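# Secondary and tertiary structure notes
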Amino acid sequence: MRFAITLLAVICIASVIGTVVQQNEPFNNYVNKFGPFWAEVFGRFQLFTVYSAPWFLLILAFLVLSTSLCIARNAPKIVIDLRSYKEHVREQSLAAFHHKAEANLPVGREAALAQVAGVLGRSGWRARAQVRENGTMVAARAGRASKIGYLAAHSAIVLVCLGGLADGDLIVRLQMLFTGKSTFDGGYQFIKDVPAEHRLPAGNPTFRGNLMVPEGQRSGVAMLSMPQGMVLQELPFDVELKKFIVEYYETGMPRLFASDIVIHDHETGEAIPTTVKVNEPAIHRGIAIYQSSFEDGGSQLQLKALPLTTGGGAFDLKLRVGDNTTLASSDGQSKLTLEMTGLKVINVENLADASSKPDGATDVRKVDLASTLDKHLGAGINPDKAKTMRNVGPAITYRLRDAAGQAREFHNFMVPVELDGQRVFLAGVRDSGNENFRYLRMPADENGSLDGWLRLKTALNDTALRDKATRRYADQSTPEGRPEMNEQLRVTASRALTLFAGLENVPGTKPGEKLGGLNALSQFIEVSVPEAERSRVAEVMLRILNGALFDLNQLVREQAGLKPLEPGPATESFMTQAVLSLSDSYFYPAPVLLQLQDFTPVQASVFQVARAPGKTLVYIGAVLLILGVFLMLYVRERRLWIWLADGEPPGTTRLQLAMSTPRRTLDIDAEFETLRQQLLAGGQTP
């Protein structure tokens, strides 16, 4: 018994692990999540494939075998015991019981027997009497359903374990072994191109896989994920997705998602319209279709590629989510592969600082955008105002992969987001999937667009505009009566803009390394200025840089036919964020920035399709387990023996009473006392 309970505990713990840890994922996903060391440790114990692990299946099989043998051994005894009242007990044995009593009743034996039958009948006891030569033995019993509970609980264990064996991937693995099927790990552009050795037949008795269907399309092949790769499962029908429905809470979390589908039966040709919701599956030919999740089904995107390096111009792209294309540099020397991975139309973000909450609690709905914005590329302003959750608009996700196969992931928002009173465009980047995005904040101009920042970024690389801007700055900043300072101011402003634009090799840098932004000015001052003068020189250089950049911005606005910016808080805020983001842009690890211009969303439903014959066994086993445990814990078996014999003086009856039970409790003591008082009422204890 102890060994069986230990095995059941192991099964329960393993099942919890299999529920918490997503099963049958590629090993790289676990490395990214747990790290190389723990991923290797967990992999050795097969925690990523718990339900198909040999030790898990061995324990299930052992429990089925041992429990079945236990039932086979004890069931005949229990059946015999259920029919037996044990009325053949000798009267001398009654004195050995713990619960016992004796008295002389002032009535004859027949009257005493009738009195005993009445008391037992009213108390719910089932009794049988045996007439002997010197008396009558009455044997009664109650609570025999406790024995049935034993059989029900043990049968439940067998059924649940059999259901687990039937619904696991053991049968799929055996079928693949004996029919020569194998897994594959990609390499095919379309599902129809996958050969037969990677496909399981529609008559497969048990399987569980995923089926993704975009709106307006249909599919009849599910995908089963396994540690070594994937295998396709043919279905006896096609699922056509007519419309995907999704509703959101104010927090941005999905409140409802459902799919209007049509099931096209291959055998009959019948088209069956139905709706699949979460926890409300559709069932056809014994296969359940569950609403699992939803993804992008190939939304159409209109993008604008904005160059962040010299020598290139902006250009438009039209792609679908899931498409790949090649981006070449202006000189044709380097190429990047653009992989469009996602479009999210609604992004409700919590921009509040969790530390500002009085109780220090963490909002479980929080999306850690604010904390990652603090880690942007080079110059962050920590938010100090609590903000409520709100929709910040559509966003795209894509990867840029170089010739060596290394890829970075990017996450760009379509519309500006207000942070600390400043509307900024957010462009996120991360080097791997287990990192948070780091965001570049680019200020929006007075029209809510990125054009103002881009004009200033482009003007930094224009020598003529820089010279004109520095001359204008020097003319406006030269003190009256000090004309000799004009040229000095012009040269200093020109040097500051050139360093900031990354067009000058800074002393002290490594060969081939080019710095730009505030980092270049910092390096220049550190190398060229004595330590005692660095603080003063840095302050002067920053003031000159800000003034020259302001005049440069005014010049490009004049060229674009726009009126000059008026001095004030809005202009000051724009220029401050522009300087910071221009400095950060030199750390942005891509030559272009993709901005979403327009999109046509196409949703896709992800269904889980399952043929689970063991489900019925598990349901029956669960009912039997509840029933069996209830009967064993709350129903107590009791046996009662009453010996009636002629007493002294004649005309009286001597009654001996005894009761047995597997477990002594206060309730049993009270019940026996009640029976003793009722059965021995009016009698005398000898």
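Residues numbered from 1 in each chain as written. Predicted model: local features only at pLDDT ≥ 70, side-chain atom pairs only at ≥ 80, totals over all residues. Heavy atoms only, no water.

## Overview of the overall build of the protein
Secondary structure summary: the protein contains 16 helices and 26 strands in total. Here the protein holds 686 residues, and 43% of them are scored as buried. When the accessible surface of the protein is summed, it comes to about 36200 Å², and 55% of that surface belongs to carbon and sulfur atoms. (Helix = DSSP H or I, 4+ residues; strand = E, 2+ residues; numbered from the N terminus. Buried < 20%, exposed > 50% of the residue type's maximum accessible area, 1.4 Å probe, protein only. Areas by Shrake-Rupley, 256 points an atom, 1.4 Å probe, with all protein chains shown as cover.)

## Let's talk about the packing of aromatic side chains
For any two aromatic rings, the description comes down to two numbers: the centre-to-centre distance and the angle of the planes. Taken as a whole and assessed by the stated rule, the structure comprises 19 aromatic pairs. Look at Y30 and F48: their rings are 3.7 Å apart centre to centre, the planes differ by 5°, and that puts the pair in the stacked class. Residue Y30 is located in helix α2 (residues 27-34), and its partner F48 is located in the loop between α3 (36-44) and α4 (54-83); the two are separated by 18 residues in the primary sequence. When its relative accessible area of 4% is taken as the criterion, Y30 is described as buried. Clustering of aromatic rings is evident, with ring pairs tying together Y30, F34, F37, W38, F42 and F48. Here the basic side chain of K457 rests over the ring of Y586, its NZ or CZ set 4.2 Å away from the ring centre. (Phe/Tyr/Trp six-rings, centres within 6.5 Å; stacked < 30°, edge-to-face > 60°. Lys NZ or Arg CZ within 6 Å of the ring centre and 35° of its normal.)

## Description of the sheet that holds strand β13 (residues 315-320)
On the basis of which strands lie adjacent, the open sheet formed by three strands has the order β13-β12-β23 and antiparallel pairing. The outermost strands of the open sheet, each flanked by one partner alone, are β13 and β23 (592-600). Across the sheet, the mean angle from the axis of one strand to that of its neighbour is 30°, orientation sign disregarded. In the sheet, strand β12 (residues 300-307) pairs with β23 via eight bridges, with the strands oriented antiparallel. Counted as the bridge partner of Q300 is T600 from β23. (Pairing = 2+ DSSP bridges. Axes fitted to C-alpha atoms, helices over the stretch in contact; angles between N-to-C directions.)

## Overview of the environment of R320
Examined against the element boundaries, R320 turns out to sit in strand β13. Take R320: its relative accessible area is 39%, and that puts it in the partly exposed class. Placed 282 residues apart in sequence, R320 and V602 show a C-alpha to C-alpha distance of 9.6 Å. Within polar-contact distance, the side chain of R320 engages the backbone oxygen of G298 at 3.1 Å. (Polar contact = N/O pair within 3.5 Å; in protein donor to acceptor, adjacent residues only side chain to side chain.)

## Topic: the state of the cysteines
Tallied over the full model, the rule gives zero disulfides. Counting only cysteine sulfurs, C161 is the nearest neighbor of C12, a cysteine outside any disulfide, at a range of 9.7 Å. Relative accessible area serves as the criterion here: at 49%, C12 is assigned to the partly exposed category. Looking at C70, it has no disulfide partner, and the nearest cysteine sulfur is the one in C161, 13 Å off. What makes C70 buried here is its relative accessible area of 17%. (Disulfide = S-S within 2.5 Å.)

## Structural notes on the sheet that holds strand β2 (residues 126-132)
Reading across the sheet, the five strands line up as β1-β26-β25-β3-β2 and stay open at both edges, with antiparallel pairing between neighbours. What marks the edges here is a single partner per strand, and that holds for β1 (99-105) and β2. Averaged over all pairs of adjacent strands, the angle between strand axes in this sheet comes to 15°, irrespective of strand direction.

## Brief notes about helix α9 (residues 451-459)
Among all positions of α9, only G452, W453, L454, L456, K457 and A459 are buried. At its buried positions, α9 is contacted by β12, β22 (438-443), α10 (463-477), α13 (534-559) and α14 (569-585). (Contact = heavy atoms within 4.5 Å.)

## Focus on the packing of α13 against α14
For the pair α13 and α14, interaxial distance at closest approach is 11 Å and the crossing angle is 110°. When the interaxial angle is binned, α13 and α14 end up roughly perpendicular. Contacts between α13 and α14 involve N546, L549, F550 and N553 from the former and T571, F574, M575 and V579 from the latter. (Parallel < 35°, antiparallel > 145°, perpendicular 65-115°, else oblique.)

## Some words on the nonpolar core
One finds L301, L303, L338, I396, Y398, L549 and Y588 to be the most contacted residues of the largest nonpolar core, which totals 70 residues. Ranked by residue count, the leading element in this core is α13, at nine residues. In this structure, F207, L235, V276 and V609 belong to the second largest nonpolar core, which totals 24 residues. (Core = buried A, V, L, I, M, F, W, Y, C linked by side-chain atoms within 4.5 Å.)

## Observations regarding the pattern of salt bridges
One pass over the full model with this rule turns up 31 salt bridges. R132 is the partner of E91 in a salt bridge, and the nearest nitrogen-oxygen pair spans 3.1 Å. Of this pair, E91 sits in the loop between α4 and β1 while R132 sits in strand β2, placing them 41 residues apart in sequence. Among the salt bridges present, the one from R285 reaches E267, with a minimum N-O distance of 3.3 Å. Residue R285 is located in the loop between β10 (282-284) and β11 (287-296), and its partner E267 is located in the loop between β8 (254-265) and β9 (271-277); the two are separated by 18 residues in the primary sequence. The class of R285 is partly exposed, set by a relative accessible area of 38%. Overall, E267 belongs to the exposed group, its relative accessible area being 65%. (Salt bridge = Lys/Arg side-chain N within 4 Å of Asp/Glu carboxyl O.)

## A closer look at unusual backbone geometry
In this chain, E648 is followed by P649 through a cis amide linkage whose omega measures 0°. Tracing the backbone through its elements, the reader meets P649 in the loop between β25 (638-646) and β26 (653-660). Positioned with a positive phi, N279 is a non-glycine residue whose angle comes to about 65°. Checked against the element boundaries, N279 lands in the loop between β9 and β10. At D420, a residue that is not glycine, the phi angle is positive and equals roughly 55°. Among the secondary structure elements, D420 is positioned in the loop between β20 (417-419) and β21 (422-430). D420 sits in the partly exposed class, given a relative accessible area of 29%.

## What to know about the packing of helix α5 (residues 109-122) against helix α16 (residues 666-679)
Taken N-terminus to C-terminus, the directions of α5 and α16 make an angle of 145°; their axes are 10 Å apart at the nearest point. Where α5 crosses over α16, the handedness of that crossing is right-handed. On α16, the residues touching Q115, V116 and V119 of α5 are L675, Q678 and L679. Along the lines of polarity and charge, the residues of the contact of α5 with α16 split into four nonpolar, two polar and no charged. (Left-handed = near helix turned anticlockwise from the far one by under 90°. Nonpolar A, V, L, I, M, F, W, Y, C, P; charged D, E, K, R; others polar.)

## Quick notes on the pairing of strand β15 (residues 335-344)
Relative to β15, strand β14 (residues 324-328) runs antiparallel, the two sharing five bridges. Opposite A328, over in β15, you have K335 as the bridge partner. Pairing of β15 with strand β18 (residues 395-401), which is carried by seven bridges, proceeds in the antiparallel orientation. Paired with L343 across the strands is I396, a residue of β18.

## Points about a nonpolar patch on the surface
Among the surface-exposed residues, L625, V629, F630, L633 and Y634 lie close enough to one another that they form a single nonpolar patch of about 500 Å² accessible area. The partly exposed category is assigned to V629, whose relative accessible area is 33%. (Patch = residues over 30% accessible without salt bridge, like charges linked within 9 Å, V, L, I, M, F, W, Y side chains within 5 Å.)

## A look at the environment of A427
Structurally, the position occupied by A427 is in strand β21. Sequence-wise, A427 and I396 are 31 residues apart; in three dimensions their C-alpha atoms are separated by 9.9 Å.

## Looking at the pairing of strand β24 (residues 603-611)
Two faces belong to every sheet, and in a regular strand the side chains alternate between them. For β24, the buried fraction is high: seven of the nine residues fall into the buried class. Bridging between β11 and β24 involves eight bridges; their strand directions are antiparallel. In the strand pairing of β24, Q291 is matched with F607.

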